[in-house]
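What follows is the residue order along each chain.
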Amino acid sequence: MTVFLTLGDGDFSYSLDLVQNLSTMNNIERNTLIVTGVDSLLDMQDKYKDCNYLLRQLRSFHDDNDKKLEVDIRHEVNAVASSSLTSNIAANVVIFNHPHLGTEDAARHSRFLSHFLHECKKTWLMNNNGTVHLTLAAGQWERWQGEEAASKHGFILKHRVPFQSPPVEESKYQHRRHQTGKSFQNRTAGSETFVLVRNKTDNAFLFAWQSEKESLKHKQQPLFECSSCERTFKEERSLKSHMKASHGDGSNKKRKIEMKCSHCELQGIDKVFSQKQALADHVQAKHSGPHTTIQPDWASDKKDDEKATSDATQGSCEICEYVFRDVGDALRHSEEFLPSEVSLPCDSFSCQFCAKSFSHLRAQLQHENFCKQRLRPVDAILSKEEA
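Residues numbered from 1 in each chain as written. Predicted model: local features only at pLDDT ≥ 70, side-chain atom pairs only at ≥ 80, totals over all residues. Heavy atoms only, no water.

S.K.: Describe the pattern of salt bridges, with residues and values.
M.R.: Tallying each qualifying case throughout the model produces 8 salt bridges. Notably, a salt bridge pairs Glu-336 with Arg-111, separated by 2.9 Å at the nearest N-O pair. Within this pair, whereas Glu-336 is found in the loop between helix H12 (327-333) and strand S12 (349-350), its partner Arg-111 is found in helix H4 (residues 106-124), the two being separated by 225 residues in sequence. By relative accessible area, Glu-336 is classed as buried at 15%. Arg-111 sits in the buried class, given a relative accessible area of 11%. Asp-329 is the partner of Arg-325 in a salt bridge, and the nearest nitrogen-oxygen pair spans 3.6 Å. You can call Asp-329 buried: its relative accessible area is 4%. Each of Glu-142, Arg-160 and Glu-192 takes part in one network of salt bridges that share partners. (Salt bridge = Lys/Arg side-chain N within 4 Å of Asp/Glu carboxyl O. Helix = DSSP H or I, 4+ residues; strand = E, 2+ residues; numbered from the N terminus. Buried < 20%, exposed > 50% of the residue type's maximum accessible area, 1.4 Å probe, protein only.)

S.K.: Provide a residue-level description of unusual backbone geometry, including the pertinent values.
M.R.: In this structure, Gln-145 takes a positive phi of about 55° despite not being glycine. Checked against the element boundaries, Gln-145 lands in the loop between helix H5 (140-143) and helix H6 (146-152). When its relative accessible area of 41% is taken as the criterion, Gln-145 is described as partly exposed. In the Ramachandran plot, Glu-321 falls in the positive-phi region, its phi being about 65° despite a non-glycine side chain. Along the polypeptide, Glu-321 turns up in the loop between helix H11 (299-311) and H12.

S.K.: I'd love a proper account of the sheet that holds strand S5 (residues 131-136), names of residues and values included.
M.R.: One open sheet accounts for 7 strands, arranged S3-S2-S1-S4-S5-S7-S6; its pairing is mixed. Single-partner strands in this sheet number two, and they are strand S3 (69-74) and strand S6 (156-162). Mean inter-strand twist for the sheet, computed between neighbouring axes without regard to direction, equals 15°. Sheet topology places strand S4 (residues 93-97) next to S5; 5 bridges connect them, and they run parallel. Bridge pairing in S5 places Ile-95 opposite His-133. (Pairing = 2+ DSSP bridges. Axes fitted to C-alpha atoms, helices over the stretch in contact; angles between N-to-C directions.)

S.K.: Can you explain empty space enclosed by the protein? Please cite residues and give values.
M.R.: A complete count under the given rule lists 1 cavity of 30 Å³ or more for this structure. Lining the largest cavity, in full, are Tyr-14, Asn-97, His-133, Thr-135, Phe-163, Gln-164, Thr-193 and Gln-210. (1 Å grid on protein atoms, 1.4 Å probe; cavity = no way out; pocket = protein on both sides within 12 Å on 5 of 7 lines; lining within 4 Å. Points joined across faces, edges and corners; volume = space filled by probe spheres on them.)

S.K.: I'd love a proper account of the nonpolar core, names of residues and values included.
M.R.: Where a protein is soluble and globular, its nonpolar side chains tend to be buried together. Leu-5, Leu-7, Val-94, Phe-116, Trp-124, Val-132 and Phe-155 are the most contacted members of the largest nonpolar core, which totals 30 residues. Looking at this core, the elements with two or more residues in it are strand S1 (3-7), S4, H4, S5, H6 and strand S7 (192-197). Residues within four places of Val-94 in sequence aside, it is in contact with Leu-5, Leu-7, Cys-120, Trp-124, Leu-125, Thr-131, Val-132 and His-133. (Core = buried A, V, L, I, M, F, W, Y, C linked by side-chain atoms within 4.5 Å. Contact = heavy atoms within 4.5 Å.)

S.K.: Got a sec to walk through H4? Specific residues and values, please.
M.R.: Among the 19 residues in H4, 14 count as buried, and that is most of the element. With a side-chain oxygen positioned 3.2 Å from the backbone nitrogen of Ala-107, the residue opening H4 is Asp-105. (Polar contact = N/O pair within 3.5 Å; in protein donor to acceptor, adjacent residues only side chain to side chain.)

See the structure below:
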């Protein structure tokens, strides 16, 4: 008997497709699928309007003894923190698709991956052995330092395959955000499934639609490199589009740098541009706009992390090596992996030039740098640069 476990499946729609696929397998033994999500049943019903329908469909497979498939539904299961509610959950195959904490913070997600893999070997994998299927959006494995997290917790990357949901006649799977229930379909292009095992000699479990041939083909896919800026692309047409948009034509030829930012030069920074509009946008955002020091949401946390590394005295996390800034930070660390709840937009910030409303201060400041009510023509900006 094989036990499958889906973690963080917000609306359970992926699990429903998986159940439909597994039910068609010709197995002698009865398999089990444990379906879990971090929401309570009430929160799930409030967030996903088709929740009750999806749950009924899942339960119908459990009640059908001819399907030789047992379905176990669990709510309030945190993929990175086991509890008394999860003491009897363990599987041969663990599946976690598109995890995200609701904030663009690579360092935080790197810590998240460490805690997830630690929990896999501690709780989710039966007898600390089996296969983990982790699906991430394009580029997240590298940005979140997945290789380092896997190595730290004794996992081997066996396969890296393009993500594909279970093939069924009528798919119910939807890419929906945990925080809002809204779709993130546009972010899934190029998503990959990373298949991890505990030992090099272990045979990783692959579904029928995840062939080793596809894994090898995906791994060996050639990259097309832009000779002007060294960005790489998986398709030649993507490279050509990039060349037209960023370098003025569709040819992949080395271009002579045309313009430098004089403001950056005064600061000892060699900032160069090949297009007039790109330089103008840079000057407007970083030097001549009303707000030239806008920082991303994670910037202050990064500075705090760097400071903590040098002078912290409160120890560090044994799982992800995060250095605690103070005693309270150690307590907050265990809660930072719960997806951030997103409140409804309140439009409480307004542009001082055109009165357009925004729900976040940072969005307002970015808009004001380029607001048409105050923005000068490109040539005026550049003429001042050249003066």
